[in-house]
Structures are given as structure tokens and as C-alpha cells.
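Results of the structural survey
Residue strings, one per chain:
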Amino acid sequence: MPANPLAQLGALGQSPWIDHITRDLLQTGELRRLIAEDGLRGMTTNPTIFEKAVAGSDHYDAAIRTLADSGVDPAEIVETLAVADVRAACDQFLPQYQASDGGDGFVSLEVSPRLANDTDGTVREARRLWEAVDRPNVMIKIPGTLAGLPAITRCLIRGLNVNVTLLFSVPRYCQVMDAYLTGLEQRRARRESIQQVASVASFFVSRIDTKLDPVLEQSGDATVRALRGTIAIANALVAYEAFQQTFRGPRWDALAREGARVQRPLWASTSAKDPAFPDVYYVEALIAPDTVNTMPPETWKAYGHHGRPQVRVTEPAISEAKQRLATLAGAGVNLDDVTAALETEGVQKFSASYATLLSGVRQKAAAMASI
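Residues numbered from 1 in each chain as written. Predicted model: local features only at pLDDT ≥ 70, side-chain atom pairs only at ≥ 80, totals over all residues. Heavy atoms only, no water.

**As for the sheet that holds strand β3 (residues 106-110)**
Ordered by their spatial adjacency, 8 strands build a closed barrel running β1-β2-β3-β4-β5-β6-β7-β8, and the pairing between neighbours is parallel. Neighbour to neighbour, the strand axes of the sheet diverge by 30° on average, direction disregarded. Both strand β6 (residues 199-204) and strand β7 (residues 264-268) contribute to a ladder of 5 bridges, which runs parallel. Bridged to F203 within β7 is W267. Where helix α7 (residues 119-133) meets the sheet, its contacts fall on β3 and β4 (138-143), and the angle it forms with β4 comes to roughly 165°. In the packing of helix α8 (residues 148-157) onto the sheet, contacts are made with β4, β5 (162-167) and β6, and the angle to β4 comes to roughly 160°. (Pairing = 2+ DSSP bridges. Helix = DSSP H or I, 4+ residues; strand = E, 2+ residues; numbered from the N terminus. Axes fitted to C-alpha atoms, helices over the stretch in contact; angles between N-to-C directions. Contact = heavy atoms within 4.5 Å.)

Quick look at the structure:
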């Protein structure tokens, strides 16, 4: 029998993570199976995932009722449920974290999206969540907004593992990498260890094509129409080149000598939204060393079934990506405007999911109280 394609990704230098969490996944042994058989190396969560988990099952009802009966408000209930799930997942990933010397086995928990433009609030909540989970392999997710950049640095100085989320543009990604390096340098200046501080930068992929493709399809230029379904990958390839350039040279070498780890790019939003493309389209195109790919359950299953693991992020691929982006710019499409809009929409979508989650918990608590 050939090796599981998901497990083969690890041998190519890419860590497959899953963008999913539910209480039954944790309690039925399914998560342990994914780790043992599929080579799962980490987990990401966000408000939308928790909203679906809580609303879509009765696994949380007893806890919601107990907390509500104790006078806990919906926001505290949500945080309590999320922290409990993430802590349990961290425990199941802990052997992998230890075996990889802190290189993998992370579980991410996001600060409230309502704090995306509040630096101090983000830092306070990140520290509180870090202490609440109290596991070495938790990562606190901080949006890569302008307000998030100093928060990233401040959290890294204090030794928190950070997953920078909602990245769409290469220029903002470069700012995030600088925030990471600055955090390590300032922590080192305080004579504190930087060896176990870990971070990933979550670069969102398919949403760019979802946003751009309807525009490209209306072009009267066949060359421009041919860009459909290619710009998201091209953007990610250029981001990977920026990653390679950042983590080399004197500045990085000084940190690496003291045990610093690179801040790996994490490809997020890698499910194919357009049925015209293969279901593993974005996963296949972005296999590269020193990266992470976090997949929703459907994409995870699809890749395990018919993925073809092979490193495809190469110099020729990056060169072709630059040509595609140049063609896009020549057609008058400003990619920076597109990515800025996507960042704003991303914050809004997660905020809406968080609001729906709070409302759902409030309704469940009220319904159970009336029984």
C-alpha cells in the first residue's frame, strides 16, 4: 500500500494541519487517529469554527447550562468552552510537540476579532488566553492588521507562541516577519531564551481568486481572462520568496545562532471554492519546505484520498507567478486594493461569526433554563 499522501507531506518539509475542532473529535479518539495514521501535525481554530461546533451539536449543552446557571455571561461561556477544547487538543498533540522539540504539534486559539484594531486589548487578551490554556504547544492567533503588528512583537517578547492570521498581501506579510524578528531580538536583549518561541504566519489563499475571478472573467482580453484561478497561488508564491529572503543573512543568522526558529508560512483558506478547480488545487500548488498547510476537513479527506505530494514551489514557478502578477497589474487591477478589502472583510466575517456564536450560546442557555 502506498503511504498516505497527507503523511508524505511531512517528508517534503510541509506540516499538514487541520482547520477544525469539535468536542466529539477530541473525545472519540478521532484526533489521535488523525495524528497516528494521517500524519496530522497541528490544528487551527477561529470563531467561525467554534460557532459551527457549538451550534451544530449538543456536545456543549451540559457545560453551557452549568455555566449559565452559575451566572456566567455568554462571552465567558464561549471562552471557557474554547479554552477547554484547545487545552484538550494540546494534550493530545503534546507527544508530537515533544518529539519534534517544539517544532510541531500546535493548536491555535484566536483573540476576539473585535480587537483587530486594538493593540493593547489584543495583547491583554492574548496573555490571558495563553495563561488560561497553560500549555506549551498553544499558539495565540492575532490578526495581522496594522494594530496587530505591535501586538505580535509584544507577545513574542513575553514568550508567547503566535499564529498571525488574516494575511493577504505580500507587503503586510513582510511587516509581520519584521515584527517577528523584532520580537525575538528584544526578547534576546532581555537575556531570555528564544529557543522555544514559535510562530507561523497564516497567508490566506483561495479567497483572493474568489474575489478576483468574477472581475477577470469580464475582461475583453483573453490573456487577462486566462489569469482566472491563478492569482491567489501566484501571490502565495511571491510571499514564499519573501520568506526565503527574510530568513537568511546577518539579521537572521544572529538569531539562528541562539536557537531561533523560522516563522513558517502557513497556507490558509486552501479549499477550492470554485467547482471548476480540483478539490486539492491549492494544496498541490503550494507544497514547499518550511511551510504549513491547514485544511478544512473536506479538503483533508480529499487530499488523503487522491493527493499527489511533490514540491511544486520552485524558482521557475515563482518566476511565472511574477509574470502573472505583472499581467494583472498591466490590466489595471490593483492587487493591493483587493487584499486590503479582503482583510477588512475577513475581520468582519470573524466578528459576525463571533456575534452569532454569542447569540447561539445565549439562546441555548435560555432554552435550557426554561426546561
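On we go.
**Overview of the layout of surface pockets**
The calculated volume of the largest pocket comes to roughly 680 Å³. Considering the residues around the largest pocket, the lining is formed by 31 residues, among which D19, N46, T48, K52 and R207 are closest to the centre. Of all the secondary structure elements, the ones that give two or more residues to the lining of the largest pocket are α4 (47-55), β6, α10 (206-217), β7, α15 (297-306) and α17 (335-369). Element by element, the count of residues in the lining of the largest pocket is highest for α17, at 5 residues. Broken down by class, the residue content of the lining of the largest pocket amounts to 10 nonpolar, 12 polar and 9 charged. Space inside the second largest pocket adds up to approximately 290 Å³. In this structure, the second largest pocket is lined by 20 residues; those nearest its centre are V78, E79, E110, E125 and Y354. (1 Å grid on protein atoms, 1.4 Å probe; cavity = no way out; pocket = protein on both sides within 12 Å on 5 of 7 lines; lining within 4 Å. Points joined across faces, edges and corners; volume = space filled by probe spheres on them. Nonpolar A, V, L, I, M, F, W, Y, C, P; charged D, E, K, R; others polar.)

**Here we look at the pattern of salt bridges**
If you walk through the whole model with that rule in mind, you get 25 salt bridges. Here R324 makes a salt bridge to E320, at a shortest N to O gap of 2.7 Å. Linking R324 with E320, this pair stays in helix α16 (residues 315-330), spanning 4 residues, or about one helical turn. Taking the relative accessible area as the measure of exposure, R324 reaches 26% and is therefore partly exposed. Linked by salt bridges that have partners in common, E30, R33, E37 and D38 make up one network. (Salt bridge = Lys/Arg side-chain N within 4 Å of Asp/Glu carboxyl O. Buried < 20%, exposed > 50% of the residue type's maximum accessible area, 1.4 Å probe, protein only.)

**Structural notes on the nonpolar core**
In terms of nonpolar packing, the biggest core is built from 122 residues, with L31, M43, I64, I152 and I231 touching the most fellow members. Ignoring sequence-local partners within four residues, the contact set of L31 consists of L25, L26, L40, M43, A89, Q92 and F93. (Core = buried A, V, L, I, M, F, W, Y, C linked by side-chain atoms within 4.5 Å.)

**Some thoughts on the packing of aromatic side chains**
A full pass over the atoms with the stated rule returns 10 aromatic pairs. With a centroid separation of 5.8 Å and an interplanar angle of 65°, the aromatic rings of Y173 and F203 are classed as edge-to-face. With Y173 in helix α9 (residues 170-189) and F203 in strand β6, this residue pair connects regions lying 30 residues apart in the sequence. Judged by relative accessible area, F203 falls into the buried class, the value being 1%. Following the ring pairs from residue to residue traces out a cluster consisting of Y180, Y240, F243, F247 and W252. (Phe/Tyr/Trp six-rings, centres within 6.5 Å; stacked < 30°, edge-to-face > 60°.)

Without other data, these values stay purely geometric and don't point to any function.
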